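Understanding the architecture of this molecule
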Number of protein chains: 2
Amino acid sequence: MIKPGASLLLAHRIKDRPILLIGGGAVASSRLYFLLESDAHITIVSPKLDPTISARLETHAHQITWIKRKYIGVEEEQAKGEIELTKYHMVMTAIDDNPLSKSICLECRAKGVLVNIADVPPLCDFYFAAQFRRGPLQVMLSTGGMGPRIGALVRDRVEKVLPDNLEDAINGVGELRKDLRKRAPGVGGALGQKRMDWMKSISETWSLEQLEGLNEAEVRSKVLDKGWEKEKVVKPREVGLRGRCPLRDVPQEWVLPSGILLGATLGSLVTAFLLRRR
Amino acid sequence: MIKPGASLLLAHRIKDRPILLIGGGAVASSRLYFLLESDAHITIVSPKLDPTISARLETHAHQITWIKRKYIGVEEEQAKGEIELTKYHMVMTAIDDNPLSKSICLECRAKGVLVNIADVPPLCDFYFAAQFRRGPLQVMLSTGGMGPRIGALVRDRVEKVLPDNLEDAINGVGELRKDLRKRAPGVGGALGQKRMDWMKSISETWSLEQLEGLNEAEVRSKVLDKGWEKEKVVKPREVGLRGRCPLRDVPQEWVLPSGILLGATLGSLVTAFLLRRR
């Protein structure tokens, strides 16, 4: 069933790509943060800079170009020739000049350049949404403009319930994939498919706690010997990892009843023992 | 602290935007699904179609154009003039012809068109990542190429732990925002800021369970009367909503100890009572 009205969620790889950021305030600073983490090259156009942006200019000089003046206007800039919108992979503005923002948006759209005008949803080809990053994992939570705050609220909830060892599990799987590529090199075709299917079988049958064990080279080597080489799904026990820890995998709704039962048993035994002794 | 190596996560609004999808197999079908949910207009180029794509062609005829032939090659297509890459907002390929895929990617990059070549990360400006949608909430989980399967694994975990009433809470906040806009209309400036701050104060101090109550028009009206009009953060109790249900908000790590304590108390009382009676 297709439910319309969604956003298209995409993870962009923008290492060394030129991004134009017009504005130098708090919103521009937030944009800059995400762009720097993504290894982009950012050109900032603003007569003044927020202190956090100034600080980044020091620490990330090679990634930022600062054009220390106001962005005058689409036609004026074209005449001047210093800032050409079409040269950029994406254009983002965070300024308090609505007519100027709109003209930048229209020009970008006419030229096919992706554009985001902060705080004006109809002028945005894309939105930034609530997000967090934990090691190699990045999570974005979008409410499609229903409210950025509730996105952040849900983010905080989700972040709290994610298992602590998630990062290690993801890294473990990544290491196993690398080792597998060394053992069975080559791109695409039947081998690529076989590698993918085998990796999938591991990710699907092992728990996160067990995947964490893959960070040890010795374990990975055993998994490849006993699993990949013999074309089978190897079980964690077979490579010397403890079995699935049952307590960690108990569904949340069973935790309270189990606790009460355990407590009741212990409590009555202890009470019975104490009362009998007297 | 800037940690490099991230992807830039973006939520694209692509209603009615033209997207070119080259290929007609299972991967193309998955792309089509997300593009249809985002209300895009998709041009599919493929001599044959996966049955699910054929079915969508029936149900979503107005959103799909099918060019029933092979994409020949970048130069050949330019000569032919039927498919012009630069006319599209994004180009995605899911075909088994690596040299052709690469030439499409290079042409798109030269012309500044966003491109995704399925299964060939270096030729992708963006990735699709594990994701799920629950009502107005869309969540994407990206592992930055560390392994699509583990992204899916984490997605399943996250989906399981999200509160059931999340959708209703998000809708409730959305409804309150709409009512507030009616009561205090106008765009931007000091009023816009005040509206945003007040909405933020509600989202931050109410629990998800309480926000769910905002789906009732009467509750919303009271919240606006007692909160917005008096420039204060209204508490759920003040508008006739039950207070925060303490059990629901207990941190997960306290549930088991609380259960054991409760069980032990009950168990020893009952045991003591029974033994005394004898």
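Residues numbered from 1 in each chain as written. Chains lettered and ligands numbered in written order. Predicted model: local features only at pLDDT ≥ 70, side-chain atom pairs only at ≥ 80, totals over all residues.

1. As for the overall build of chain A
For chain A, the helix and strand inventory stands at ten helices and nine strands. Taking 2.2 N^0.38 as the reference for a compact globule, 278 residues should give roughly 19 Å; the C-alpha atoms of chain A span a radius of gyration of 27 Å, well beyond that estimate. Overall size of chain A, expressed as C-alpha extent along the three principal axes, is 90 × 60 × 45 Å. The 278 residues of chain A split such that 38% are buried. If you take every contact in chain A between residues at least 6 apart in sequence, the share linking residues at least 24 apart comes to 53%. (Helix = DSSP H or I, 4+ residues; strand = E, 2+ residues; numbered from the N terminus. Rg over C-alpha atoms; globule rule 2.2 N^0.38 Å. Buried ≥ 20, exposed ≤ 12 C-beta atoms within 10 Å, placed from the backbone. Contact = placed C-beta atoms within 7 Å.)

2. A word on the interface of chain B and chain A
Each partner contributes residues to the interface: chain B has 77 residues there, and chain A has 78 residues. In terms of residues, the side of chain B that touches chain A owes the most to one element, helix H10 (residues 252-277) of chain B, which gives 17 residues. Partitioned by chemical class, the residues of the side of chain B that touches chain A number 44 nonpolar, 24 polar and nine charged. Direction of pairing for strand E9 (residues 137-142) of chain A relative to strand E9 (residues 137-142) of chain B: antiparallel, over a ladder of five bridges. Looking at E9(B), one finds that Gln138(A) is bridged to Ser142(B). (Nonpolar A, V, L, I, M, F, W, Y, C, P; charged D, E, K, R; others polar. Pairing = 2+ DSSP bridges.)

3. Some points on the relation of the copies chain B and chain A
For these two chains of identical sequence, chain B goes onto chain A by a turn of 179° and a shift of 0.1 Å along the axis, with RMSD 0.5 Å. The transformation just described matches what one would write down for a two-fold rotation axis. The residues that chain B uses at the interface reappear at the interface of chain A in 100% of cases, marking a shared surface. (Least-squares fit on C-alpha atoms with pLDDT ≥ 70 in both.)

4. Points about the pairing of strand E2 (residues 18-22) of chain A
Look at any regular strand and the pattern is simple: side chains alternate between the two faces of the sheet. Residues and elements named next belong to chain A. Counting buried positions over the five residues of E2 gives four, a clear majority of the element. Two strands pair when backbone bridges link them, and E2 and strand E3 (residues 41-45) are joined in this way by five bridges, in the parallel orientation. Residue pairing across strands places Pro-18 opposite His-41, the latter belonging to E3. Between the parallel elements E2 and E3, the chain passes through helix H1 (residues 26-37) in a crossover that is right-handed. Strand direction decides the pairing type here: E2 and strand E5 (residues 90-93), joined by four bridges, are parallel. Paired with Leu-21 across the two strands is Met-92, which belongs to E5. (Right-handed = clockwise from strand over helix to strand, strands pointing away.)

By themselves, these figures tell us nothing about what the structure is for.
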